[in-house]
Amino acid sequence: MSVNYGSKRIVVGAHYGVRDWLAQRVTAVLMALFTLLVLAQVIFSKGPIGYEQWAGIFAAQWMKVLTFSVIIALLYHVWVGMRDIWMDYIKPVGLRLALHVFTIVWLLGCAGWGIQVLWRL
């Protein structure tokens with residue numbers, strides 16, 4: 001007779017739980033801190049906020065690198081969330097695969113656009 005409880009229990013599955021939960025929290029904190037940093041720069045800037053001020057905020061190399069890191073964090077944050085939604089609510093495997101592929105392509109396109117905008121400044 002096989003025992004299916006206690007310390008000898010065989011657990012199967014994707015094992016995404018804790019890692020993805022932690023990734024969501026870490027990326028959310030990084031994005032929140034970045035938002036506060038940008039808001040502080042906007043609030044404490046002199047004069048009206050126009051293109052020159054926005055370009056000035058993102059002109060420094062350290063800010064471009066930080067913004068790039070936040071873009072990557074945002075993409076991972078969205079991927080984990082959307083993947084979980086597709087896995088939980090979309091039962092047909094073919095449709096779920098198509099939505100995963102669409103999500104990846106969409107996120108890569110958004111990343112390319114964001115990086116293009118960032119380094120064009």
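The shown structure was predicted, so the numbers you read here are calculated from the model rather than taken from an experiment. (Residues numbered from 1 in each chain as written. Predicted model: local features only at pLDDT ≥ 70, side-chain atom pairs only at ≥ 80, totals over all residues. Heavy atoms only, no water.)

A.B. asks: Can you break down the overall build of the chain residue by residue, with the values?
C.D. replies: In terms of regular secondary structure, the chain is built from four helices and zero strands. When the 121 residues of the chain are sorted by exposure, 23% land in the buried category. Sequence separation of 24 or more characterises 68% of the internal contacts of the chain that already satisfy a separation of 6 or more. Summed over its atoms, the accessible surface of the chain is roughly 9,000 Å², and 73% of this surface lies on carbon and sulfur atoms. (Helix = DSSP H or I, 4+ residues; strand = E, 2+ residues; numbered from the N terminus. Buried < 20%, exposed > 50% of the residue type's maximum accessible area, 1.4 Å probe, protein only. Contact = heavy atoms within 4.5 Å. Areas by Shrake-Rupley, 256 points an atom, 1.4 Å probe, with all protein chains shown as cover.)

A.B. asks: So, the confidence of the model for the chain: which residues are in play, and what are the values?
C.D. replies: Overall, the prediction assigns the chain a mean pLDDT of 89, with 86% of residues at 70 or greater. At the low end of the mean pLDDT range in the chain sits helix 2 (residues 51–57), at 89; at the high end sits helix 3 (residues 61–89), at 95. (pLDDT = per-residue confidence, 0-100.)

A.B. asks: Hey, could you go over the side chain of Gln24 for me, with residue numbers and the actual values?
C.D. replies: Within the element layout of this structure, Gln24 appears in helix 1 (residues 17–43). Since its relative accessible area comes to 17%, Gln24 is described here as buried. If near-sequence neighbours (up to four positions away) are discounted, Gln24 is found in contact with His77, Val80 and Gly81.

A.B. asks: Give a detailed account of the environment of Trp79, specifying residues and quantitative values.
C.D. replies: Tracing the backbone shows Trp79 in helix 3. Taking the C-alpha atoms as reference points, Trp79 and Leu107, separated by 28 residues in sequence, lie 7.8 Å from one another. Discounting chain neighbours no more than four positions away, the residues touching Trp79 are His100, Thr103, Ile104 and Leu107.

A.B. asks: Lay out the nonpolar core with the relevant residues and their values.
C.D. replies: Judged by nonpolar contacts, Met31, Phe34, Val38, Ile57, Phe58, Met63, Val70 and Leu118 together constitute the single largest core of eight residues. Of all elements in the fold, only helix 1 and helix 3 reach the threshold of two or more residues within this core. No other element matches helix 1, which puts three residues into this core. Ignoring anything within four residues of it in the chain, the contact list for Val70 reads Leu30, Met31 and Phe34. (Core = buried A, V, L, I, M, F, W, Y, C linked by side-chain atoms within 4.5 Å.)

A.B. asks: Any details on the layout of surface pockets? Residues and values, ideally.
C.D. replies: Taken as a whole, the largest pocket spans an internal volume of roughly 190 Å³. If you trace the largest pocket, you find 10 residues lining it, with Thr67, Ile71, Trp113, Gly114 and Val117 closest to the centre. The leading source of residues in the lining of the largest pocket is helix 4 (residues 93–120), at five residues. When the residues that make up the lining of the largest pocket are grouped by side-chain class, the tally is eight nonpolar, two polar and no charged. (1 Å grid on protein atoms, 1.4 Å probe; cavity = no way out; pocket = protein on both sides within 12 Å on 5 of 7 lines; lining within 4 Å. Points joined across faces, edges and corners; volume = space filled by probe spheres on them. Nonpolar A, V, L, I, M, F, W, Y, C, P; charged D, E, K, R; others polar.)

A.B. asks: Give me the lowdown on the pattern of salt bridges, citing residues and values where you can.
C.D. replies: Overall, the coordinates contain three salt bridges when judged by the stated rule. Two residues, Arg83 and Asp20, come together in a salt bridge whose shortest N-O distance is 2.2 Å. With a gap of 63 residues between them, Arg83 in helix 3 and Asp20 in helix 1 connect regions that are remote in the sequence. No difference in accessibility class separates Arg83 from Asp20, as the two residues are buried. Beyond isolated ion pairs, a larger network of salt bridges with shared partners links Arg19, Asp20, Arg83 and Asp84. (Salt bridge = Lys/Arg side-chain N within 4 Å of Asp/Glu carboxyl O.)

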